[in-house]
Amino acid sequence: MIASVRGEVLEIGLDHAVLEAAGIGYRLNATPSTLAGLTRGDEARLYTAMIVREDSMTLYGFADTEARDLFGLLQTVSGVGPRLAMAVLAVLEPEALRKALAESNVAALTRVPGIGKRGAERMVVELRDKVNLVPVQSAPPGAAPAPVVTPVRDQVVEALTGLGFPVKQAEPAVDGVLAEQPELGTSQALRAALAILGRNR
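Worth saying up front: this structure is predicted, and the values here are computed from it rather than measured. (Residues numbered from 1 in each chain as written. Predicted model: local features only at pLDDT ≥ 70, side-chain atom pairs only at ≥ 80, totals over all residues. Heavy atoms only, no water.)

A. Representation of helix α8 (residues 167-180) in the model. Look at α8: 20 Å from first C-alpha to last across 14 residues, which is about the 20 Å you get at 1.5 Å a residue. What α8 keeps buried is the set A170, A173, V174, V177 and L178. Taken around the axis of α8, the buried residues stretch over an arc of 125°, which confines them to a single face. With respect to the buried face of α8, the exposed residues turned more than 90 degrees away are K168, A179 and E180. (Helix = DSSP H or I, 4+ residues; strand = E, 2+ residues; numbered from the N terminus. Expected span 1.5 Å × (residues − 1). Buried < 20%, exposed > 50% of the residue type's maximum accessible area, 1.4 Å probe, protein only. Arc of directions from axis to C-beta.)

B. The arrangement of the environment of Q169 in detail. The residue Q169 is located in helix α8 in this model. Exposure remark for Q169: the relative accessible area of 39% places this residue in the partly exposed category. Taking C-alpha positions, Q169 is 18 Å from A90, a pair spaced 79 residues apart along the chain.

C. Expanded view of the pattern of salt bridges. One pass over the full model with this rule turns up 9 salt bridges. The residue D154 makes a salt bridge to R153 at a minimum N-O spacing of 3.9 Å. Here E171 and R153 are joined by a salt bridge, their closest N and O atoms 3.9 Å apart. A residue pair is termed long-range when its members are at least 10 positions apart, and E171 in helix α8 and R153 in helix α7 (residues 152-162) qualify at 18 residues. The class of R153 is partly exposed, set by a relative accessible area of 31%. Salt bridges linked by common partners bring R153, D154, E171 and D175 together as one network. (Salt bridge = Lys/Arg side-chain N within 4 Å of Asp/Glu carboxyl O.)

D. Geometry of helix α2 (residues 65-74). Across the 10 residues that make up α2, a large majority, 7, are buried. In this structure, the buried side of α2 is in contact with β4 (43-53), β5 (56-62), α3 (82-91), α4 (94-102) and α6 (117-127). The backbone nitrogen of E66 lies 3.2 Å from a side-chain oxygen of the residue at the head of α2, namely D64. (Contact = heavy atoms within 4.5 Å. Polar contact = N/O pair within 3.5 Å; in protein donor to acceptor, adjacent residues only side chain to side chain.)

Okay, structure coming up:
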């Protein structure tokens, strides 16, 4: 099992990064907030979870062990696979996810594309008592993610369509967010757009 990868960041995509370690480039699927903290050409460490299927082996990368452990915990819920677990972590930071589960906040969970009211209720019932068993990661001072230096609007629209939203819904939501807060980076703009789309479902 590969627990972490440290090396030079070769590539940053919309949903993944490639890190070179010992001459091997590892493709790691990651959330926008994790990707926003990486810089191409710099060295980085991502904590990883490896999902093995009959036809694939996929690595998922996380900025800290808390997010990785929550990713694993989410998949213990019936009907939640790696893709949906990543969508949850893209919309809700670990602290917000813990709070939503602890307070049985179904509305917050249904903001995640692919999770309806019944799925959110099942998640609350199954994880409410387990989520506090995952150690909280304390962030180092000044560790706020840096904004991605690429056209934010195009990246966020593409990420939303990748999550299943039609372009005709994604573009107005992103435009509305950036009109109010043009300084937002990709991950922050994506979370804000997801919040709007979640309310409009």
